[in-house]
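So you can see what is in the structure, the chains are spelled out below.
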Amino acid sequence: MHHLRDRGYAHPLASDITSREVYEGRRTWLKAAALSAGAGASLWAQQQAYAQTAAPGKLAALAATRSSVPGAMTLDKPSSYADASTYNNYYEFGTDKAEPAKRAFSLKTRPWTLAIEGEVKKPRVFGLEDLLTLSAQEERIYRLRCVEGWSMVVPWIGYSLSELIKRVEPTGKAKFIQFISLADKQQMPGLSSSVLDWPYAEGLRMDEAMHPLTLLTFGMYGEVLPNQNGAPLRIIVPWKYGFKSGKSIVKIRFLPEQPATSWSKAAPREYGFYANVNPSVAHPRWSQASERRIGEDGLFQRKRPTQMFNGYEAQVGSLYAGMDLSRYY
Ligand SMILES: Nc1nc2c(c(=O)[nH]1)N[C@H]1C(S)=C(S)[C@@H](COP(=O)(O)O)O[C@H]1N2
Ligand SMILES: [Mo]
């Protein structure tokens, strides 16, 4: 109960398992509790808060255990499913935040394959079904900070990308990793715009890719990902600006050199390779000192101060020891 009050989010306390059944069970429990308490106002408010963070149950449930990776469970209140699935950046479906939710129905997420290439001893093509069961699915509640100055809190489902990396055995020459998103004009109307150099490409240094917080992500809010959030699989790197977290990934390359990325190609002064969330390094057009939490907007809503490494400094700060972060932005 206090979890609900603290977080406005139903976390399965007894079973430690999240699935649509558990979410729905919690909803039933809340209803019963509301009735027996005479529907007291605060309980009613909790019920409303919960109803917003529940997935609508339209997509397939994806069971997951609660993550024990340090830093993986922020205590910030999760954003509503409605906000997380309708306020999106997915330029392959348009540059307006509302467009991906309206247009991404045309994305075909089955069959789906992920090709592993480059500096690995075991290059191969994985089918989605093999990837789903490669390692245990975990729920992780991460803050997501967009360089545009807004943030959300999302209960993702996936497992550490390191689990996949270990199985393909990178060679000693693999120093960087590149993520390539799908680029198919038949399915993605935004590709007719030259706003970015398609396919959407992102990258990480190998130690960043191996960090346990870097999540190979298949679901959110107890279900598989909606198309607009990057179905059927995407990357989430919670201490970096959102653009580092490529959606609908079809290829991962292991490389000896730092790869070019779509955003740093489009505007090198604005978007660096590292893109670590950093309140003291301003973007040329936007200060990064504070952020607007989606769902909290309102006339009297205070902006939240942005935290170094998006609040994950204890876990990832050592990766950047000795680096000049205003130079490597
Ligand atoms: N392929 C692809 N991945 C992408 C983007 C994109 O346009 N195309 N936008 C990025 C940006 S800028 C952000 S903030 C996050 C948004 O993720 P969300 O819509 O799930 O919140 O996705 C990132 N991944
Ligand atoms: Mo973003």
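Basis of the calculations
Residues numbered from 1 in each chain as written. Chains lettered and ligands numbered in written order. Predicted model: local features only at pLDDT ≥ 70, side-chain atom pairs only at ≥ 80, totals over all residues. Heavy atoms only, no water. Salt bridge = Lys/Arg side-chain N within 4 Å of Asp/Glu carboxyl O. Helix = DSSP H or I, 4+ residues; strand = E, 2+ residues; numbered from the N terminus. Buried < 20%, exposed > 50% of the residue type's maximum accessible area, 1.4 Å probe, protein only. Phe/Tyr/Trp six-rings, centres within 6.5 Å; stacked < 30°, edge-to-face > 60°. Lys NZ or Arg CZ within 6 Å of the ring centre and 35° of its normal.

Now for the pattern of salt bridges. On inspection of all chains with the given rule, the structure shows 20 salt bridges. Where Glu202 meets Lys244, a salt bridge forms, and the shortest distance between an N and an O atom there is 2.6 Å. On the criterion of sequence distance, the pair formed by Glu202 in strand S8 (residues 201-205) and Lys244 in the loop between strand S11 (234-236) and strand S12 (249-255) is long-range, its members being 42 residues apart. As far as the burial class goes, Glu202 and Lys244 line up, both buried. Here Arg205 ties to Asp207 by a salt bridge, and the two come within 2.8 Å at their closest N and O atoms. Overall, Arg205 belongs to the buried group, its relative accessible area being 15%. One network of salt bridges, in which partners are shared, links Asp76, Arg143, Arg145, Glu291 and Arg293.

This next bit is on the packing of aromatic side chains. Tallying each qualifying case throughout the model produces 14 aromatic pairs. Judged by centre distance (6.0 Å) and plane angle (75 degrees), the ring pair of Tyr142 and Tyr312 falls under edge-to-face. With Tyr142 in strand S5 (residues 138-145) and Tyr312 in the loop between strand S14 (304-305) and helix H10 (313-316), the pair connects residues that are 170 residues apart, well separated along the chain. A single burial state applies to Tyr142 and to Tyr312, both of which are buried. Both rings, one in Phe273 and one in Tyr274, keep their centres 5.4 Å apart while their planes meet at 85 degrees; by these two values the pair is edge-to-face. The exposure class of Phe273 is buried, given its relative accessible area of 7%. Feature note: the residues Phe176, Phe273, Tyr274, Phe309, Tyr320 and Tyr328 constitute an aromatic cluster, connected by ring pairs. Sitting above the plane of the Phe126 ring, Arg124 keeps its charged end 3.8 Å from the centroid.

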